[in-house]
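Residue strings, one per chain:
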Amino acid sequence: MVSAVSHTSIDCRDAYALSEWWKRVLGYVDVDGDPNEPGHEECMILAPDGSHRLLFIEVPEAKSVKNRIHLDLRPTDRTRDEEVERLLAIGATQLADRRTATGGWVTMADPEGNELCVLRSQAEVDAAAP
């Protein structure tokens, strides 16, 4: 027997604001019949196809150290570099640039400081394959 992941939880100071930001990043939506509203202490969003859920839970303390788990994002309709620029424009912060000529990633933080990485798109990976 094994377990299945129900959802990924992210501690935060403002569940509504952070869930709205991540909806813009990932194209996720509110759960049918359970819309997120300002002031909600828990806000769930899900992939449009229902395959993954993120739950934002308000906690009293601020983030203080590097995350031990984070999301790696692969752009679906643009390049890695275009996605980095888009995320910067909507409030992400660049933490480290690990791009190389053949791969790599950019480490970023969401508006509350939670780390994420932006990888090359699958099209970029395929184009670089021998």
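Everything below is about the structure printed above this text.
Numbering of residues starts from 1 in every chain and runs along the sequence as written. Residues qualify for local features only when their pLDDT is at least 70, as the model is predicted, and side-chain atom pairs are given and counted only at 80 or more; totals for whole chains, interfaces and linings, by contrast, use all residues. Just so you know, side-chain values use all the structure's heavy atoms and leave hydrogens and water out.

## A closer look at the pairing of strand 4 (residues 53-58)
Part 1: When DSSP locates at least two bridges between a pair of strands, those strands are taken to pair. For the purposes of this entry, the term helix denotes a DSSP run of H or I that reaches at least four residues, the term strand denotes a run of E that reaches at least two, and both are numbered from the N terminus. As paired strands, strand 1 (residues 8-12) and strand 4 are joined by 5 bridges and run parallel to one another. In the sheet register, Asp11 faces strand 4, and the bridge partner there is Ile57.
Part 2: Where strand 3 (residues 42-46) lies against strand 4, 5 bridges are found, and the strand directions are antiparallel. Paired with Leu46 across the strands is Arg53, a residue of strand 4.
Part 3: Between strand 3 and strand 4, which pair antiparallel in sequence order, lie 6 residues; one of them, Gly50, sits at a positive phi of approximately 80°.

## Examining the nonpolar core
Part 1: By convention a nonpolar core is built from buried Ala, Val, Leu, Ile, Met, Phe, Trp, Tyr and Cys residues, the set being connected through side-chain atoms within 4.5 Å. The rule is simple: take the accessible area with a 1.4 Å probe, protein chains only, and divide by the maximum for that residue type; under 20% is buried, over 50% is exposed, in between is partly exposed. Within the largest apolar cluster, 22 residues are counted, with the highest numbers of intra-cluster contacts made by Trp21, Trp22, Val25, Phe56, Leu87, Met108 and Leu116.
Part 2: Counting residues per element, the ones that place at least two in this core are strand 1, helix 1 (15-26), strand 3, strand 4, helix 2 (80-89), strand 7 (106-109) and strand 8 (115-118).
Part 3: No other element matches the 5 residues that helix 1 contributes to this core.
Part 4: Once residues lying within four places of it in the same chain are set aside, the contact partners of Leu87 are Trp21, Val25, Leu73, Ala92, Met108, Leu116 and Val118. Residue contacts are counted whenever heavy atoms from the two residues lie within 4.5 Å of one another.

## Some remarks on the layout of surface pockets
Part 1: If you add up the space inside the largest pocket, you get close to 430 Å³.
Part 2: The element contributing the most residues to the lining of the largest pocket is strand 1, with 5 residues.
Part 3: All amino acids are sorted into three groups, where Ala, Val, Leu, Ile, Met, Phe, Trp, Tyr, Cys and Pro are nonpolar, Asp, Glu, Lys and Arg are charged, and the leftover types, Gly among them, are polar. Across the lining of the largest pocket, the residue classes break down as 7 nonpolar, 5 polar and 8 charged.
Part 4: Computed from the structure, the second largest pocket encloses a volume of approximately 280 Å³.
Part 5: Taken together, 15 residues line the second largest pocket, and the ones lying closest to its centre are Val25, Leu26, Leu73, Arg74 and Thr76.
Part 6: Looking at the lining of the second largest pocket, the elements with two or more residues in it are helix 1, strand 5 (71-73) and helix 2.
Part 7: The element best represented in the lining of the second largest pocket is strand 5, accounting for 3 residues.
Part 8: Of the residues contributing to the lining of the second largest pocket, the split by class is 7 nonpolar, 2 polar and 6 charged. Space inside and on the surface of the protein is sampled on a 1 Å grid over the protein atoms alone, with a cavity defined as a set of points where a 1.4 Å probe fits but cannot get out and a pocket as an open set with protein on both sides within 12 Å along at least 5 of 7 lines; lining residues have an atom within 4 Å of a point. Grid points are joined across faces, edges and corners, and a volume is the space filled by probe spheres set on the points.

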